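Survey of secondary and tertiary structure
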Amino acid sequence: GAGVSQSPSNKVTEKGKDVELRCDPISGHTALYWYRQSLGQGLEFLIYFQGNSAPDKSGLPSDRFSAERTGGSVSTLTIQRTQQEDSAVYLCASSLVAGGLYEQYFGPGTRLTVT
Amino acid sequence: TQLLEQSPQFLSIQEGENLTVYCNSSSVFSSLQWYRQEPGEGPVLLVTVVTGGEVKKLKRLTFQFGDARKDSSLHITAAQPGDTGLYLCAGSKAAQKLVFGQGTRLTINP
């Protein structure tokens, strides 16, 4: 079956421009997550959506970052007025609750480079 | 503050050797997961452990969850070049949010 897909796979943008990153989760998965991974590092949690509940935005690093999830499926992460420190791989994951476990399945990521 | 500490951060060994990667925390987790990530790809889930003291085996990989559910280990027997990658542990405290370690970059030399 289809996994989590993300687009674009690579994005190069100039400092100060806005970018939108897209995530298509696995069909039927109710939870969706965004993470940021700097070169060779672990994953930094950004935001989490679960069904119709209010999203957990506790990981967003600044008010330049926002995300939405339309119709409980596709999600868009928007970064406004990009800075060089925003350069990273942005990973999306989705999960389906099974016995209380939230096993997450990741997309391939979007590599963002801010010049 | 890093809630999950992985060690070593880098490990390079010869094919056929054994190795152990550790994931430690002062916090208790309801479950712990191990992922492997290859360049240009997202992490892929290897295993989830939920019970203190639990041991799970996946071919040459053995995963253990500490009795107190604060730590975990990954042991690889007779490592192969295909085992090369970034290994990440991730703990769940509130069921839905995962806290990731910084990863162990493993290189197996032929």
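In what follows, the structure referred to is the one given above.
The notes below deal with the structure included here. Note that this is a predicted model, so its numbers are computed, not measured.

In this structure the tally under the stated criterion is nine aromatic pairs over all chains. Residues Tyr-33 of chain A and Tyr-48 of chain A carry aromatic rings whose centres are separated by 4.9 Å and whose planes lie at 25° to one another, so their mutual orientation is stacked. You can see Tyr-33 of chain A sitting in strand E4 (residues 31–37) and its partner Tyr-48 of chain A sitting in strand E5 (residues 43–50), a full 15 residues away along the chain. Aromatic side chains Phe-106 of chain A and Tyr-35 of chain B sit 5.5 Å apart centroid to centroid with 90° between the ring planes, which places their arrangement in the edge-to-face category. Taken together, the positions of Phe-106 of chain A in strand E9 (residues 104–106) and Tyr-35 of chain B in strand E4 (residues 31–37) put the pair across two chains. Neither residue differs from the other here; Phe-106 of chain A and Tyr-35 of chain B are each classed as buried. Of the aromatic side chains, those joined through ring pairs into one cluster are Tyr-33, Tyr-35, Phe-45, Tyr-48 and Phe-106 of chain A together with Tyr-35 and Phe-100 of chain B.

This next bit is on the pattern of salt bridges. All told, the structure shown has seven salt bridges over all chains when counted by the stated rule. A salt bridge links Lys-17 of chain A to Glu-14 of chain A; the nearest nitrogen and oxygen atoms lie 3.7 Å apart. A relative accessible area of 44% places Lys-17 of chain A in the partly exposed class. Residue Glu-38 of chain B is joined to Arg-36 of chain B by a salt bridge in which the shortest nitrogen-to-oxygen separation is 3.1 Å. Classification of Glu-38 of chain B by relative accessible area gives partly exposed; the value is 33%. Given the relative accessible area of 22%, Arg-36 of chain B is considered partly exposed.

Criteria and thresholds
Residues numbered from 1 in each chain as written. Chains lettered and ligands numbered in written order. Predicted model: local features only at pLDDT ≥ 70, side-chain atom pairs only at ≥ 80, totals over all residues. Heavy atoms only, no water. Phe/Tyr/Trp six-rings, centres within 6.5 Å; stacked < 30°, edge-to-face > 60°. Helix = DSSP H or I, 4+ residues; strand = E, 2+ residues; numbered from the N terminus. Buried < 20%, exposed > 50% of the residue type's maximum accessible area, 1.4 Å probe, protein only. Salt bridge = Lys/Arg side-chain N within 4 Å of Asp/Glu carboxyl O.

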